[in-house]
Structures are given as C-alpha cells and as structure tokens.
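Chains, contacts and geometry: an overview
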Amino acid sequence: MEKKLGVYICGGCSIGEGLNLEKLSLVATKEYKAPICKTHPAMCGEEGVATIKTDMAAEGVNTIVIAACSGRVKYDVFDFGPANIVERVNIREQVVWSHDWTKQVKVKTKDAEGKEVVKEETQPNDDTQMLAEDYLRMGIVKAQKMNQVDPYLLENVEKSILVIGGGITGLTAAVEAAKTGYEVTIVEREAQLGGYAAKQRKQVPTKAPYTDLEPNTIQDKIKEATGNSKITVKLNTEIARISGAPGQFAVSFKPAGTKSKWDIPPKKKEEETKDKPAEAAETPAEEPVELPADQIKCEDILSSDPDAEVFGAVIVAAGGRPADPSQFEHLGFGKFANVITNTMLEEKAAKGKIVRPSDGKEAKTVAFIQSPGLAGDDSDFPYASSVTSMISLKQANYLTEDYSDGKAYIFYKHMRTPGHYENFYKSAQNNPGIFLTRGEVKSVTENADKGLTVEVHDTILGEKIAVDVDMVVLAAGMTPETQFEPVINLAYRQGPAFRDLELFDGYADSNYICFPYETRRTGIYTAGNVRQTMTNGECVEDATGAALKAIQCLESTNRGMAVHPRSGDMSFPEFFFQRCTQCKRCTEECPFGALDDDEKGTPKPNPTRCRRCGTCMGACPERIVSFKNYHIDMIGSMVKAINVPDEDEEKYRIVAFICENDALPALDMAGLHKLKYSADIRFIPVRCLGSVNTIWIADAMSKGNDGVLLIGCKYGDDYQCHFVKGSELCNKRMDNVAETLGKLRLEPVRVQQIQFSIDEYEKIPEAIGKFVEVIEGVGFNPMKGF
Amino acid sequence: MAEGKLIKPDLNFVKRVMSSGGESLKKCYQCATCSVVCNMTPDDKPFPRKEMIHAQWGMKDKLFGNPDVWICHQCSDCTAYCPRGAKPGEVLGAIRKVSIEHYSFPSFMGRMVGDSKFLILLLLVPILLFGVVAPYVGQLIPPQYLPEGRSPAYLHEAMSSSGPIVYAEKLMPVPFIDTIFICAALFAAFGFFIGVMKYWKDLTAFGGKPKGSIMSAAVATISDFLAHKNFKKCEVTVDRSKSHLFVFYGFVGLAITTTWAIFYLYGLHRESPYPLYDPMKILGNASAIGLLLGISWVISNRMKNAEKAGKGSYYDWLFIGDVLTIVVTGILSEVLRLLGIGILAYPVYFIHLVAIFFLFAYAPFSKMAHMVYRTTALVYAKSIGREKES
C-alpha cells in the first residue's frame, strides 16, 4: 500500500491551551515532511472528522495520525475502516492533563537605573511541549512502520464441538451448544451418562426461595441430550490425543482404559511442562527414551492420525474424583466401618433410607464433620469448599426426611453458603433435627456396638463435648480429574496437560476473575468440577458459559480473529524462518503452547492457538518474529524517534514500555484525575511485557536515554497478567539485561520493571517519581551523544 | 477421649420449645447481641445467648435448673435487637413454659394446660362441676343436712328465679363453693409443693448450695417485687412495669378482700351480699377496677409491642384471657346483680366461677405458676449472689 500521511492535531480539551500547536505541527511538516497536517479545535466533532474524511477522499490520505485524546476513547469516531491505518497520539491524558503548562523562570533584566535584577517570569513549559513533540514523532514513525493486517484464515473451520465428560456439566454444555445449532460429540469414559449427579438423591436448591432441596433432574438432562439429533454420545471412550488447533482439532479416540499408538509419547526430559527462564535455552543433549517392551510405541506428536475426528473447539467437563480423607487418622476413615465420606453417603441415600454400613441398621444419629480439626490448622478437608458445606446441609436434611427422630450434628470450622444459599443454610438451621456448631473434632472412637463417639473441642456451646452417633460422615472434597490425568492429551510440544497444574492444586489454570473459562490452551474451555467445586446448579450455569465460549472461539477462528483477550485482533505472528537458529525459545516461552517445533527445533506456528501477545517476538534472539502492525523495527524506530537532549541541556530521558492491558489504562486514569508526573518519561504501549525484546532496551540506551522502565501486570502465583506469563518472562529477561548493562559499564538500576494493576492509578506519579530519582542518582547515560 | 463431656441432645425438647412459642429458636446464630443489650443479665456468663444454644441443642439439663431462665423478665430488648429474628425473649418464655410443664405434678396436667387441644376439656371440668355435679349432688343431700336448706341450683333454674339476685342463695351456696375451691386450692398447692421441691433440687444441683441466708434473700426478693424493681430495667417494654404493677396489686387487693370476706362469713357470720359502702366491698371493687385496668394495659402493651417483642404464645394469652374473664365477669356480676337483671347475672356469675376455678386449679400448670417459680429462682439467685450489679 502506498502510504499517504495525514497528521491531525486537536486543540480541544485544553490541549490548545497547554501546548503550542503551531510548533507541534512543525514536527510533522518539517521533520517528517507530512504532506498534510491540520489542527482543529475539536477534532472529534463533526467538522473535525469531516476534515479528515475530505482529505482521505480528495488527497488520498490513508495513513492517519491523530494527536488528541487517548486511543482508548473515541475509537468509534476515529474509525476509518480496515483499509486505512490510524494511529492515535495521546497528547491529552499523557501530556496536557498530567503536566504543567507553564513554569516559573528566573530572568535577569535591568531596572530603570540600569542595575541587574532577577525577576520571576511565567513562561510556557518547554518540557511539556517537548513531550508532546516526542509523542507525535513516535506516532508518525509508528504509522509509517505499521502495515495493513491480513487475517490468517483456515481453509476449513470445523464447527463441531467436543465435550469431554458426560456428567451434568458435559450434558448441559452439549445441550446448550446443540440448541444454538452446533454439532456436539460427548465422550464419556463410563458405560452410562450422568456422572456423579446420577448418584444423588436430591440437589441443593437452584432457584428462589433457595430453601428446599430439589428433585434430581439429571435423568431429564440425559434424555434431552440423547434425544437431540445434533448430539453424538460416545460411551466407554477416552481421548488418546488431540492435535491441531482451534477450528481444526484432530481427535483420536480409544476405548476407555486401553492404550493406543496415538497416546502421547512419554516426554523427553528437557521438555517438562515447566516454564523456563529465557536463558535456559541451552539444554542437555537429548537422550532417546527407551520404552519397555510391553508398551506400544506411540507416534510422535507431529504425525497425524488418519482416523482422527475433527472438531473446532473442546469443552472439558471431566469433573473429579472424591478426595480420600484417610490421611486424617483421628477421624477413623478406613478404620471404622461407620465412618464414611459424603460421596458414600450420597450413593446410599440415592438408593433408600440412610443405614449404617456395618450392619444395615437405621442410622438415625449422624455426625457430619466439615474440617479435620487439626490443632492450629483452620483448613477444611482438601478440596472442600462452600459446596461441601451445602452437601452436608443437604444430607442432614435427608436424615430428618428419613427419620422423624433423626438427628444430624454438623461440626464445622467454616459454614460457607454464599449468596442466595444463605437461605438454604437458614432453612437447615431452622430444622429442629439439625444441630450445628463450630468446633474442632478431636477424635472419633468406636464403641462396642460399632457406634461411634465424636469428641469436639472449642464449640460455641462453650465447652468440650462428645456425642454418640450411629455414623460419621466426612465432608471430603472433590479432586479435579486433571490432578490425576491430562484428560485432554494434547499433541502439543509443551506437553499433553494443562499448564502449572501444581500451582492450582490440579485445577486448570485460568484468569480466575476476568476469564474464568479460559485455559492456557486456546479453544479448550473447562467447566464444572474440573475447574472449581460446584453445586449442580452452578455446574449448569458454568456449562452454559463454556458452551458460549466454545462458540465464540469457532466464530472468531472462522474470521481469523483472536479469541481472547485481544478479541477481534486479526494480526498474527509471522516467522522469518531463514534466520531461525532453532533455539526453541519461542516454543518454550509461548504461554499458550501455540508452537510445536519439529525434531530440528524449528517452530511450527499454529496461528489459531495464538493469542497475539507477542511473547515469541519478545523471546526471539534473532528477532525473526513480527506482526504486520507490531514488530521489532516499529517499536525500535519509535524509541529512536525520541529527541534525546544533549548532556549540557541537563534533561533526563527515560523510555517506559507500558502494558496496554492494565497499566496503560491506569496511566490514562492518572491523567484523567490530573495527577502530575515527570515530563522526562516517554511511554510506549506494548501488547504485553512478554513482547518486549531486549533489543529495544539496547536501542534506548544506545540512543542516550538515561533509563528504561517496564510497567506491566502483577506476576507470580496470583498473577494478573492477561497473557499469564508475559510479565513474569519479561522479569526473567531483565536479569540478562542487567548483565549486559554491566558489561557496558552502565548501572543495572537504569532498567527496572514495576507491577501495576488497573486500579492503582493513584500510585503512578509516585512510582515514576521514584524511578526518576534513581536515574538522577546515577546521573546521565555516559553513552549520550555517541 | 476423656476431656469432652458426653451430651445427649433431646430432640423432643427442641420441638417442645419451638411449639410453645419459641418457633424462632433455631434462627439464633450466636452473635450475642441479646446478652449485650440485656439489662437483667449478670455480667458473668450472661444470658440469653447461652440459653439459646443450649435450647437449640436440646440440652434441657442446662436450662431447667438454671435460674437465669427466670431472671429474664422478657423485656424483649433482646428480641427487638436480634439481627436474625431469633426472638430470644419469646424463646426464654417458651423455655419457662416447658420448664413449668417439666416440674408440674401431675405431669399430664402440665401437658394439657400448655396445649390448646385440651382447652375444652379443661374448661369442661369446672363447667360440669358447677353446672351439673354440684346441683345433682345437692339434690341428693336431704335438705336438713344442707346449711339453711340451700342446694345448688341448675343454671336455668337460677335464671328463671324471681326476687332479688343472691348468688349464694339462688345459684351456688357458699359451702359448695368453698368445698370446690378448697379442693382446687389444695390440688394446686400440692402441685406447687412437689414442683418447687423438684425445682429447688435442680437449682442447687446446677448452681451449688445457697451461700447466704435464704430468708434474707426471700425478703429482698419480695421487696423487689413490691416495687417491681426488675421490670423497670426493661427498655422496649418498659410500660409493662406499670401494667404488671396494676395487675399485681389488683391480685393482692383481691386476695385481701377474699380473706376479709372469709372473716366476715365465718368470723362475724355476716352473709353476702354486703352493702357497697362496706370497707371490704370498697377494697374489693377498687382492686377489681385496678386489675381490669392492669390487664387491659397488659393487652394493649402487648399489641403495641408485638412487632418488636413478638406476638406472644398461646400460653401467655390463655393466662391473660383467664384473668380478663375473671375481672370482667366479676364486675359484671356485681353490676347486673345491682341492676337486677337475673337472666344475665346468673350466667355471668357462672362464667366467673368457671374462670376462677381455671385460675386456681390449674395455677401450677399455667402461666400463673411463674409467680412461684420466678420467686423461687430469684430467691435462689440472690442467695448465690447471681444478680446484676447495679
């Protein structure tokens, strides 16, 4: 595309008062020879927009740089269609709203008697003007370097959905997706559908007034699924492998419990699924894995199964397994016949009246234990949650249903009944046969008749008590299936399972608050108990959400768009393979496993798995990864466009790479609240700190800038990074940068990374001020001027 | 294992408290707002929080012998402030009822008085006694054995009689009334005696032997009663201190009147009816009016505070209804007699007799028993020094 640049500078929202717009225009017209540069008092008004449109029509302007407000606002007003490049230069929030327009200058003049006097005079603030000018330079360069995006389109996007698990979650997901017209296949390991829901007597309330147990509706759900012509059910079946990418997942099935040559081959040592620091690229020599003779030789992950079925997206509703509480010896599980878990009781209750396992006698007095009650440990049973609280309340109700003189004791550390479930708690509390107290269960002992005595301390009865019961029920949790098996068996180079499972006790990783259904495997969505312990009602809701996400994935992939979190982004990374050194860093560092390298180590991109964060671009030491509208040269050129003052001007320059997900909006908000910060700093938005290539830092330092600040999301176990690992990877790369700086005899403190969440805008000026102080402390970059 | 005390929660007790006006019992979640707002509770181990959980857990042994249950005067400050609507005031009222029932002798009587199902049966006893048994027995007795040859009449006979209205002459001669009421009073007294003995045993078992003199504790308790000292600590239902005072002194006045009348009859051999200017009559009428005012005030206070303090139980209203019936029919009997309207006067007097019998004979089982149990509990509480320091 032959670019024709038009620069439009807005004078509204006090931009015109804080800046000399004529002088600013000279940057465009003189320095960058922009054929068109116009100012307008309100560019976003009808007249302003008409000006741009007229130039587009009459002059053929197709590369539009608008210096006005933040690109996060008025994006609809300044949308000129996909055929044109638009770059927004933020001189409102980041310049005039956050910096002083004038400054006090001491001026020497002569008074009437000819004596020299020093007078204070108010002058326009040239620091603010310089800031705006730099931003305009960077904006123009960016627009010049940006190319039109050409979306990646699969030849054929398969639109059917695979649901793993035929319990209440899987069935609901299938039914909901089928209702909207998508073909669905449910794969279930057991011989029948229904999962744990089919083994329940009743379910906790799902609707107002949330006070009474509801009949179990799983059989209706099974009928609905099996009666739907769009739903195929595969019983006694497991996944051998899933290869491919969203829109084209090739799925190999196998009979449950068997081995198949399409199972994922055992991993080579160095490919363990842990994320590695950038410098871990040097790996020990690969040792071929010797397989035991009785094992089937599995095909490599890159070879394809001709019999595989193709699906567009996957919903994982694999549920979980009841956790084993036998580690808590004082509770007697596994030792005494009448100590059972809530799952065991539920199965009993579904079949009839509640009786003792030891002799089948009526169990009229039952103790429900919510927490192990270990000294100094407040925890409930592993994997317990509000759901286990509610299951105990539910089962206590069974007891008073079965026996008019039934007594249920509930000993809890925490009784968790969030939201509307409080009504369920209240109704159980109101049941005369349900006795509730907080307490620490010290022991369960067996009596002569196989009855049990439960001793409880620290109760709200104000004393240490003991009760005789017929049976004890432990409120054990449900361990997610992903804790035991990969379930999805991905033929991905990063491994068959979800990532970082050990960080989340086996639950698939997701951005819990913002993107609950997302996993780190694009196109694969978790729902139900594999994601979080849930009640039946919650499972239904969760499954519906996951079905919607799967559909969104199909409909985005179909259009060549990113699914999430850069929803609608059509750019994707391209690799200049001739220069690839097979270092595998991109394959290893991609937070989403989008790349599968071949045996030589050359990355094989799967663009529909990609989330467009640019972590591969940040990782690549050869800088062969680029997006059409976001690449090494573009950001590098922006860095170089900054006008770095000479040392004798005594002005510092700092380049800040700022994450556009949270930190950049926070910076805008700081401007919106008119918080002031140093005018020595130049912000460059990046897709994610993971996309920051160290060459940009080298560019900044070699151009004489005095420091580089990286502002991104929180990382670590409670990360807020939208791309999960980006800010963490960036931080690891900074270690290397520090080393490089040391070699150049530059102080490592000149490059720092700070973490910001979106609501911390108030702290931005302070954080920037601190960094500026550090730079002032170490002085000017000695490379200035070279 | 040795540390925990084996408890045996009694589910029936829980259900009994809930069906006796404490249906909100299980709503309590132990925040202790009640104990904080209560002006009656001692600072050490305050009530009613602990009573609430013990009742929820059916731990009746911690409630029956616990004097705190009776230190509570049901001010209902707790009920007004309870964030969960657990109405501790009403629950403690229900516990007191179940407690009265528990100590009642014979125990089936406790059950019957506390249960609306048996109301008709309980009313039938005096109705049959005065309406059928007494006249029938009277007719069996030869007139020479009857004082002044009078025999109780059937109600319709009295109603159709002529001449001045004289209840003792035309309807129920005094010896018959006395026989019936003396029996009723003995029955009640014996019931109270057994109940209080059992209660005292439980009190001392629960809280230990009295430390000070029981006599001085009793004197102090009675003097508190006379001034209604405790009631004045109530906030939400502070008016009750006055209404209850009227009822209290109304009863005291009527008790004196009754004694005086006995003296007239058996000491001076003066027979009723007595003229209106007679000092005994003046005291009787004044007490009756006081009682009427008091009980009406009680009812009006209860209506007014129903939202904050709770609407009260069957047990409460049965007692209030009986007192109201007694005082209204008592006054009407006198008025109708003076007006000479026999057709109304006799039935009203008949109702009056039934209502008084109800109060007397069923006293150890009805809310009337609070008089005895509260006194016992407070005397005991004072004797062990369990009192709010003021």
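What counts, and where the lines are drawn
- Residues numbered from 1 in each chain as written.
- Chains lettered and ligands numbered in written order.
- Predicted model: local features only at pLDDT ≥ 70, side-chain atom pairs only at ≥ 80, totals over all residues.
- Helix = DSSP H or I, 4+ residues; strand = E, 2+ residues; numbered from the N terminus.
- Buried ≥ 20, exposed ≤ 12 C-beta atoms within 10 Å, placed from the backbone.
- Contact = placed C-beta atoms within 7 Å.
- Expected span 1.5 Å × (residues − 1).
- Pairing = 2+ DSSP bridges.
- Axes fitted to C-alpha atoms, helices over the stretch in contact; angles between N-to-C directions.
- Parallel < 35°, antiparallel > 145°, perpendicular 65-115°, else oblique.
- Left-handed = near helix turned anticlockwise from the far one by under 90°.
- Nonpolar A, V, L, I, M, F, W, Y, C, P; charged D, E, K, R; others polar.
- pLDDT = per-residue confidence, 0-100.
- Right-handed = clockwise from strand over helix to strand, strands pointing away.

1. A short note on the overall build of chain A
Helix and strand content of chain A: 18 helices and 32 strands. Projected onto its principal axes, the C-alpha positions of chain A cover 115 × 70 × 55 Å. Expressed as a percentage of the 786 residues in chain A, the buried residues total 51%. Contacts in chain A between residues far apart in sequence, at least 24 positions, make up 71% of those at least 6 positions apart.

2. Looking at the interface of chain B and chain A
Across the contact, 17 residues belong to chain B and 20 residues belong to chain A. When contributions to the side of chain B that touches chain A are tallied by element, the ones reaching two or more residues are β1 (5-6), α1 (11-19) and α3 (49-56) of chain B. Here the side of chain B that touches chain A takes 4 residues from α1 of chain B, the largest share from any one element.

3. So, helix α14 (residues 240-267) of chain B
Residues and elements named next belong to chain B. With 28 residues, α14 extends 39 Å between its outermost C-alpha atoms, agreeing within 8% with the 40 Å of an ideal straight helix rising 1.5 Å per residue. Residues of α14 that are buried make contact with α15 (279-309). His-269 sits one or two positions beyond α14 and adopts a positive phi of about 55 degrees.

4. Looking at the sheet that holds strand β23 (residues 465-469) of chain A
The mixed open sheet is built from 4 strands, whose spatial order is β21(A)-β22(A)-β23(A)-β1(B). Strand pairing shows two members of the sheet lacking a second neighbour, β21 (440-446) of chain A together with β1 of chain B, which therefore form its edges. When β21 of chain A meets strand β22 (residues 452-457) of chain A, the two strands line up antiparallel, connected through 6 bridges. Bridge pairing in β22 of chain A links Val-441 of chain A to Val-456 of chain A.

5. Points about the packing of helix α9 (residues 119-140) of chain B against helix α17 (residues 342-361) of chain B
The packing of two helices is summarised by the inter-axis angle and the distance between the axes. Residues and elements named next belong to chain B. Direction vectors running N to C along α9 and α17 enclose 130 degrees, while the axes themselves pass 9 Å from each other. Looking at the two axes, α9 sits oblique to α17. Two packed elements cross with a definite hand, and for α9 against α17 that hand is right-handed. Contact residues: Leu-122, Leu-123, Pro-126, Ile-127, Phe-130 and Gly-131 in α9; Phe-350, Leu-353, Val-354, Phe-357 and Phe-358 in α17.

6. With respect to the sheet that holds strand β14 (residues 309-311) of chain A
All names here are of chain A. An order of β12-β13-β14 is seen for the 3 strands of this open sheet, with the pairing classed as antiparallel. Edge positions in the open sheet fall to β12 (237-245) and β14, since each of these has one partner strand only. Neighbour-to-neighbour, the strand axes of the sheet open up by a mean angle of 35 degrees, direction not taken into account. Where strand β13 (residues 248-255) meets β14, 3 bridges bridge the pair, whose relative direction is antiparallel. Paired with Val-251 across the strands is Glu-309, a residue of β14.

7. So, the packing of helix α13 (residues 214-227) of chain B against helix α18 (residues 370-383) of chain B
Residue and element names in this part refer to chain B. One can describe the packing of α13 onto α18 by two numbers: an axis separation of 8 Å at closest approach and a directional angle of 120 degrees. Taken together, the axes of α13 and α18 lie oblique to each other. The handedness of the crossing between α13 and α18 is right-handed. Contacts from Ile-214, Ala-217, Ala-218, Ala-220 and Thr-221 of α13 reach α18 at Thr-375, Leu-378, Val-379, Lys-382 and Ser-383. Residue classes in the contact of α13 with α18 are distributed as 6 nonpolar, 3 polar and 1 charged.

8. Some thoughts on unusual backbone geometry
Negative phi values dominate among residues other than glycine, just as trans dominates among peptide bonds. Residue Phe-47 of chain B is joined to Pro-48 of chain B through a cis peptide bond whose omega torsion reads 5 degrees. Counting through the fold element by element, Pro-48 of chain B comes out in the loop between α2 (33-37) and α3. Of note, the bond from Phe-105 of chain B into Pro-106 of chain B is cis; its omega dihedral lies within 30 degrees of zero at -5 degrees. Structurally, Pro-106 of chain B is set in the loop between α7 (88-103) and α8 (107-113). Not every positive phi belongs to a glycine, and Asp-500 of chain A is a case in point at roughly 50 degrees. Tracing the sequence through the fold places Asp-500 of chain A in the loop between β25 (478-480) and β26 (524-526). If you check the backbone angles, His-228 of chain B has positive phi at about 50 degrees while not being a glycine.

9. Some details on the environment of Glu-148 of chain B
Residue and element names in this part refer to chain B. Summarising the element assignment, Glu-148 is placed in the loop between α9 and α10 (155-159). On the basis of neighbour counts, which here come to 11 C-beta atoms within 10 Å, the residue Glu-148 falls in the exposed class. In this structure, the C-alpha to C-alpha distance between Glu-148 and Pro-173, residues 25 residues apart in sequence, is 9.5 Å.

10. Description of the confidence of the model for chain B
Residues of chain B with pLDDT of at least 70 account for 99%, and the chain-wide mean is 92. The complex model carries a pTM of 0.85, and its ipTM stands at 0.88.

11. Things to note about the pairing of strand β30 (residues 681-686) of chain A
Side chains on a regular strand alternate between the two faces of the sheet. Residue and element names in this part refer to chain A. With respect to burial, β30 is a largely interior element, 5 of its 6 residues being buried. As defined by bridge partners, strand β29 (residues 654-659) adjoins β30 across 6 bridges and the pair is classed as parallel. Across the sheet, the residue bridging to Ala-656 is Phe-683, located in β30. Read as a crossover between parallel neighbours, the route from β29 over helix α15 (residues 663-672) to β30 is right-handed.

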